[in-house]
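# Structure at a glance
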Amino acid sequence: MGLGLVEGGKIPQPLSKLFNMSRKYSLWMYQWGLACCAIEMAAGMGAPRYDIMRLGVIPLPASPRQADLLCVSGTLTDKMSPVVKRLYDQMPEPKYVISMGSCANAGGPYWDSYSVTKGVDQIIPVDVYVPGCPPRPEALLEGVVLLQERIQNEDMAARWRGDPITVDGGDL
């Protein structure tokens, strides 16, 4: 019932809030660790001190086809870029991306190398950037909380139609 309303663009506001709340607390995160930031990402996933599952994020889905969230961390090379794009394309809508670390955000200290992609946003759209070299696990958790706030305020009908996503009047 709800899906037909969303596709038609006639979703009532209370139902939209309920859908958004359930989506923000049930994110399946696919981790794509490419370098040293992957160690910090793993600490955020598996260490009892940080425990990303308390935020409603489930790590380690079986495949990207079961994931809602892609977290890319580390140096993205030109040779690896098509793989990341293919992985993103396999994810079902609605899908979100967190870019974690200076290398994933803008190439990091290797930005002037001939073989480094100058940020994952050159290949796929990024929703949240987590700065640092490497960022601490707390920074990743803060990035997840920021993403959850955006999901809570998202217009689901616009996302399904492919319109630019706006939150509180501004584009994402």
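Residues numbered from 1 in each chain as written. Predicted model: local features only at pLDDT ≥ 70, side-chain atom pairs only at ≥ 80, totals over all residues. Heavy atoms only, no water.

As annotated in an unreviewed UniProt entry, the chain is NADH-quinone oxidoreductase subunit B from Candidatus Neomicrothrix parvicella RN1. Looking at the Sequence similarities (unreviewed entry) heading of the UniProt record, one finds this comment for the chain: "Belongs to the complex I 20 kDa subunit family." Listed under Subunit (unreviewed entry) in UniProt, the entry text for the chain is "NDH-1 is composed of 14 different subunits. Subunits NuoB, C, D, E, F, and G constitute the peripheral sector of the complex." (UniProt positions renumbered as here; feature names shortened; annotations may be inferred.)

### As for the overall build of the chain
When helices and strands are tallied, the chain shows 7 helices and 7 strands. When the helices and strands of the chain are listed from N to C terminus, the series reads α-α-β-α-β-β-α-β-α-β-α-α-β-β. Put simply, the chain has 172 residues, and 46% of those count as buried. Partitioning the intrachain contacts of the chain with sequence separation of at least 6 by distance along the chain shows that 74% fall at a separation of at least 24. (Helix = DSSP H or I, 4+ residues; strand = E, 2+ residues; numbered from the N terminus. Buried < 20%, exposed > 50% of the residue type's maximum accessible area, 1.4 Å probe, protein only. Contact = heavy atoms within 4.5 Å.)

### A closer look at the side chain of Lys24
Take Lys24: it is sitting in helix H2 (residues 13–24). Buried charge Lys24 goes without a salt bridge, the closest partner of opposite sign being Glu149 at 7.4 Å. Apart from residues no more than four positions distant in its own chain, Lys24 is found in contact with Leu55, Gln148, Ile151 and Gln152. (Lys, Arg positive; Asp, Glu negative; His and termini not counted. Salt bridge = Lys/Arg side-chain N within 4 Å of Asp/Glu carboxyl O.)

### Let's talk about the side chain of Gln31
By secondary structure assignment, the location of Gln31 is in strand S1 (residues 27–33). Using a relative accessible area of 17% as the deciding quantity, one classes Gln31 as buried. Here Met29 takes part through its backbone oxygen, which lies 3.2 Å from a polar atom of the side chain of Gln31. What Gln31 contacts, discounting residues up to four positions off in sequence, is Met41, Met45, Pro59, Leu60 and Cys71. (Polar contact = N/O pair within 3.5 Å; in protein donor to acceptor, adjacent residues only side chain to side chain.)

### Observations regarding the nonpolar core
One finds Met29, Ile52, Ile98, Leu140 and Leu147 to be the most contacted residues of the largest nonpolar core, which totals 20 residues. At the level of elements, S1, helix H3 (37–46), strand S3 (69–73), strand S4 (96–100), strand S5 (128–130) and helix H6 (137–152) are the ones that each hand at least two residues to this core. If one sorts the elements of this core by residue count, H6 sits on top with 5 residues. The contact partners of Leu147, leaving out residues within four places of it in the chain, are Leu27, Leu69, Tyr96, Ile98, Asp127 and Val128. Of all hydrophobic cores here, the second largest spans 15 residues; its members include Tyr30, Ala67, Leu87 and Val97. (Core = buried A, V, L, I, M, F, W, Y, C linked by side-chain atoms within 4.5 Å.)

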